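Notes for the structure review
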Amino acid sequence: MRIGELAGVVGITPRAVRHYHRIGLLPEPRRKANGYRAYTLRDAVELARIRRLTELGLSLDEVRDVLADDAGKDLAEILSELDADLARQEELIRQRRARLGRLLDQAQRTVKLPAETPVSPELAALFDDMARASAQLPGPEPAMAAKERELLALLETGAPDADRGWLHTMGRTLSADADAMRRVYAVYARMDALAEAAEDDPQVEETARAIVELIPDEAVQGLIAAHGESGSGEAGGFADALFAEFAPAQAAAVRRAVELLGERAG
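A brief look at the structure comes next.

Reading the values: the criteria
Residues numbered from 1 in each chain as written. Predicted model: local features only at pLDDT ≥ 70, side-chain atom pairs only at ≥ 80, totals over all residues. Heavy atoms only, no water. Helix = DSSP H or I, 4+ residues; strand = E, 2+ residues; numbered from the N terminus. Buried < 20%, exposed > 50% of the residue type's maximum accessible area, 1.4 Å probe, protein only. Areas by Shrake-Rupley, 256 points an atom, 1.4 Å probe, with all protein chains shown as cover. Core = buried A, V, L, I, M, F, W, Y, C linked by side-chain atoms within 4.5 Å. Expected span 1.5 Å × (residues − 1). Salt bridge = Lys/Arg side-chain N within 4 Å of Asp/Glu carboxyl O. Phe/Tyr/Trp six-rings, centres within 6.5 Å; stacked < 30°, edge-to-face > 60°. Lys NZ or Arg CZ within 6 Å of the ring centre and 35° of its normal. Contact = heavy atoms within 4.5 Å. Polar contact = N/O pair within 3.5 Å; in protein donor to acceptor, adjacent residues only side chain to side chain. Axes fitted to C-alpha atoms, helices over the stretch in contact; angles between N-to-C directions. Parallel < 35°, antiparallel > 145°, perpendicular 65-115°, else oblique. Nonpolar A, V, L, I, M, F, W, Y, C, P; charged D, E, K, R; others polar. Arc of directions from axis to C-beta.

In terms of helices and strands, the protein chain carries 13 helices and zero strands. In sequence order, the secondary structure elements of the protein chain are arranged as α-α-α-α-α-α-α-α-α-α-α-α-α. Buried residues in the protein chain amount to 37% of all 266 residues. Here the protein chain displays about 16,100 Å² of accessible surface, and carbon together with sulfur accounts for 53% of that area.

Ranked by size, the top nonpolar core spans 44 residues in total, and within it Leu126, Met130, Met181 and Met191 carry the most contacts. For this core, the secondary-structure elements that each account for two or more residues are α6 (121–135), α7 (143–158), α8 (165–176), α9 (180–193), α10 (202–213), α12 (233–243) and α13 (248–265). Among the elements that line this core, the one with the most residues is α13, at eight residues. Core analysis: the second largest hydrophobic core is formed by 20 residues, Ile3, Leu6, Leu58 and Leu75 among them.

Given 3.6 residues per helical turn, the α-helix brings residues three or four places apart onto the same face. End to end, α13 covers 26 Å across 18 residues, agreeing with the expected 26 Å (1.5 Å per residue, within 8%). Every buried residue of α13 is listed here: Ala249, Gln250, Ala251, Ala252, Ala253, Val254, Ala257, Val258, Leu260 and Leu261.

Before going further, it helps to spend a moment on the pattern of salt bridges. This model, assessed by the stated rule, comprises 15 salt bridges. Close ionic contact of Glu91 with Arg94 constitutes a salt bridge, the shortest N to O distance being 2.6 Å. Highlighted residues: Glu91 and Arg94, both in helix α5 (residues 75–110), separated by three residues, approximately one helical turn. One salt bridge in this structure joins Arg182 and Asp179, with 2.6 Å as the shortest N-O distance. According to the relative accessible area criterion, Arg182 is partly exposed, its value standing at 47%. Each of Glu205, Arg209, Arg256, Glu259 and Glu263 takes part in one network of salt bridges that share partners.

Going through the model one piece at a time under the given rule, you end up with one aromatic pair. Ring geometry for Tyr185 versus Tyr188: centroids 5.1 Å apart, planes at 85°, classification edge-to-face. Linking Tyr185 with Tyr188, this pair stays in helix α9, spanning three residues, or about one helical turn. The residue whose ring lies beneath Arg2 is Tyr36, and the NZ or CZ to ring-centre distance is 3.9 Å. The lysine or arginine in question, Arg255, covers the ring of Phe243, its NZ or CZ lying 4.0 Å from the ring centre.

It is worth spelling out the environment of Tyr185 at this point. Residue Tyr185 is classed as buried on the basis of its relative accessible area of 3%. Between the C-alpha atoms of Tyr185 and Pro142, which are 43 residues apart in sequence, the distance is 7.6 Å. Those residues within four positions of Tyr185 in sequence are excluded, and the remaining contacts are Met130, Ala133, Ser134, Leu137, Glu141, Pro142, Ala145 and Arg149. A polar contact of 2.6 Å, which involves the side chain of Tyr185, links it to the side chain of Glu141.

Helix α2 (residues 14–22) packs onto helix α1 (residues 3–10) with a crossing angle of 105° between their chain directions and a minimal axis gap of 8 Å. Overall, the two elements α1 and α2 adopt an arrangement that is roughly perpendicular. Contacts between α1 and α2 involve Ile3, Gly4, Leu6 and Ala7 from the first element and Pro14, Val17 and Arg18 from the second. Among the residues making up the contact of α1 with α2, the classes are represented as five nonpolar, one polar and one charged.

Every buried residue of helix α4 (residues 60–68) is accounted for by Val63, Val66 and Leu67. Down the axis of α4, the smallest arc covering the buried residues is 95°, so these residues share one side. Of the residues in α4, the exposed ones pointing more than 90 degrees away from the buried face are Asp61 and Ala68.

The following block contains the structure:
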């Protein structure tokens, strides 16, 4: 058989056959006097096995290992590992589809998705609570509320799963207390009012203490770490970027709140 005939029998391209030759996966056959490769039925059998193994999801290196073992004793182990990997992928796909389903449901209910989406189900629930609370208040939503959602989405995205507990604790606490979200929006309004205030305005201390009153004890340590309690290193760089988003009096209120939280945690 010529290379085109061999490839046609197995259902792949001649280019793939040549690639298998180059990487040593399929031995080169003898050549005829005219220089053309002469393939046998045994070559077709080996090539068909390569195709079947790659269709299972094995890498070419794994296929080489299997073919090198005449007894095939490593194949069961490789297939077992592949099955476990596919199971992990299947679970990830299931989780992604679940998140997409929630987003589609939210899009159908609200027409327009918030700019912060997609986020975790816990954070999405908190944002839904915020939207309901905002709709019940007179006037436009405080600008600080939108800024807070952006920050929470950022912190959740950058934090390992194990370090998100404080954030989800905040969400559960606010959702469990019917009056909590009203107090949160009162603090947002306070923060908006500081946009034009001086750093030594008495409202700075009052606002900082109002912020601290909203934070449950179990979320304090994680929140301090997320806001960068120290002023150096990686945390300091993030803190500098964070405070640069605020007006001077607003930044002073947040810094003072972190100090108060540190005192409370200590």
